[in-house]
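Examining the three-dimensional arrangement
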Amino acid sequence: MRLLLVEDNRTLGELLATGLTKQGFAVDWRETLEEAAEARSLVPYDAILLDLGLPDGDGLELVRQVRRERDPTPILVLTARGELGDRVAGLDLGADDYLVKPFDVAELAARCRALLRRPGACLGVILESGNVALDTASRTVTVSGAPVATPPREVALIEQLLRRAGQVVPRSSLEDHLYAMDAEVTPNALEVAVSRLRKRLTTAGADLTLRTVHGVGYALVASKGPGIAHA
Ligand code: CA
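One structure accompanies this document, and this report is about it.

Taken in spatial order, the five strands line up as β2-β1-β3-β6-β7 in an open sheet, and their pairing is parallel. Of all the strands in the sheet, the pair left with one neighbour each is β2 (26-30) and β7 (97-100). Along the sheet, successive strands turn relative to each other by an average axial angle of 20°, direction set aside. Bridge analysis of strand β1 (residues 2-6) against strand β3 (residues 47-51) gives four bridges, and the strand direction is parallel.

Turning our eyes to something else, we now look at the coordination of the calcium ion. Those donors, Asp 8 (OD), Asp 51 (OD) and Gly 53 (O), are the protein atoms that reach the calcium ion, and they lie 2.2 to 2.3 Å from it. Sequence spacing of the donors to the calcium ion: D-x42-D-x1-G. Classification of Gly 53 by relative accessible area gives partly exposed; the value is 47%.

Let's shift gears to the side chain of Asp 51. Relative to the elements of secondary structure, Asp 51 occurs in strand β3. Among the residues examined, Asp 51 registers a relative accessible area of 6% and is labelled buried. Polar contacts involving the side chain of Asp 51 include one to the side chain of Lys 101, which spans 2.9 Å. Setting aside chain neighbours within four positions, we find Asp 51 in contact with Val 6, Glu 7, Asp 8, Gly 59, Leu 78 and Lys 101.

What follows is about the sheet that holds strand β8 (residues 126-129). The sheet built from four strands is open, its strands ordered β8-β9-β10-β11 with antiparallel pairing. Looking at the sheet topology across the chains shown, the edges are occupied by β8 and β11 (146-148). Sheet twist, expressed as the mean angle between neighbouring strand axes with direction ignored, is 30°. In this sheet, strand β10 (residues 140-143) lies alongside strand β9 (residues 132-135) in antiparallel orientation, the contact comprising four bridges.

Together, Glu 34, Glu 35, Glu 38 and Asp 56 make up a region of like negative charge exposed at the surface. When you line up the elements, Glu 38 lands in helix α2 (residues 33-42).

Next up on the list: the environment of Ala 156. Its location among the elements puts Ala 156 in helix α6 (residues 152-163). Overall, the relative accessible area of 6% leaves Ala 156 in the buried class. Once the C-alpha coordinates of Ala 156 and Gln 23 are considered, the two residues, 133 residues apart in sequence, prove to be 9.6 Å apart. In this structure, Ala 156 is in contact with Gly 24, Arg 139 and Leu 178, ignoring residues within four places of it in sequence.

What follows is about the pattern of salt bridges. Between side chains of opposite charge, a pair can form when the charged atoms approach closely. Under the counting rule described, the total for this entry stands at 15 salt bridges. Between Glu 7 and Lys 101 there is a salt bridge, with its nearest N and O atoms 3.1 Å apart. Pair noted here: Glu 7 is in the loop between β1 and α1 (10-22) and Lys 101 is in the loop between β7 and α5 (105-117), with a separation of 94 residues, a long-range link. Neither residue differs from the other here; Glu 7 and Lys 101 are each classed as buried. Measuring nitrogen to oxygen at the nearest pair gives 2.4 Å for the salt bridge that ties Glu 61 to Arg 64. With a gap of three residues between them, Glu 61 and Arg 64 both fall in helix α3 (residues 59-68), about one helical turn apart. With a relative accessible area of 39%, Glu 61 lands in the partly exposed category. What emerges from the salt-bridge pattern is a single network uniting Glu 7, Asp 51 and Lys 101.

The rules behind these values
- Residues numbered from 1 in each chain as written.
- Predicted model: local features only at pLDDT ≥ 70, side-chain atom pairs only at ≥ 80, totals over all residues.
- Heavy atoms only, no water.
- Pairing = 2+ DSSP bridges.
- Helix = DSSP H or I, 4+ residues; strand = E, 2+ residues; numbered from the N terminus.
- Axes fitted to C-alpha atoms, helices over the stretch in contact; angles between N-to-C directions.
- Donors = N, O, S within 2.8 Å, 3.2 Å for Na, K, Ca; no water.
- Buried < 20%, exposed > 50% of the residue type's maximum accessible area, 1.4 Å probe, protein only.
- Polar contact = N/O pair within 3.5 Å; in protein donor to acceptor, adjacent residues only side chain to side chain.
- Contact = heavy atoms within 4.5 Å.
- Patch = residues over 30% accessible without salt bridge, like charges linked within 9 Å, V, L, I, M, F, W, Y side chains within 5 Å.
- Areas by Shrake-Rupley, 256 points an atom, 1.4 Å probe, with all protein chains shown as cover.
- Salt bridge = Lys/Arg side-chain N within 4 Å of Asp/Glu carboxyl O.
- Lys, Arg positive; Asp, Glu negative; His and termini not counted.
- Charge placed at Lys NZ, Arg CZ, Asp CG, Glu CD.

In structure tokens:
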């Protein structure tokens, strides 16, 4: 799940970007309306988290712009206490929810998941292949119905693989989802996550295998099946 965070307060922006990343979201953090517009033109986001008081204008301008484009991306407004008028205006213009500062990251993450669960949001609730399933709302992985404790980074990985089960998912695409656009990515971080997830699935008795397709990427395929479809 990739989020666009628009917040010009450095301390808060950094806190939220780090906290949400730990919760398994990929976060692109921008500080102005102009930077936010540029980011939106490059990447499709699952949700936008928006501060209202920005250096180059009112965050509500962005809400207006997004809805003018008939873009249904959920928008969560982050507002200071006492900006009740703004809050109401934001919801009127097409924001989906708001949070009053200060709030904690866990609460923000829960609200984001709630937004992504709404009908019309781009995410389904259960992704399933073979005996492996992921509940995208609770972020729970199960094998034959039994929960498998899985850290957020591996949950983000299996989500992308399950969305394209049976196909090769390019490593660049997995890296995009695992990390924010400007976060440091160590060269072998993806391999480490893949290898841990593979072990976890095997130990839990999954009937899927996480295959490495050298030079291309990774694929979740049926352990006894036709193998990989090259899409
Ligand atoms: Ca601000």
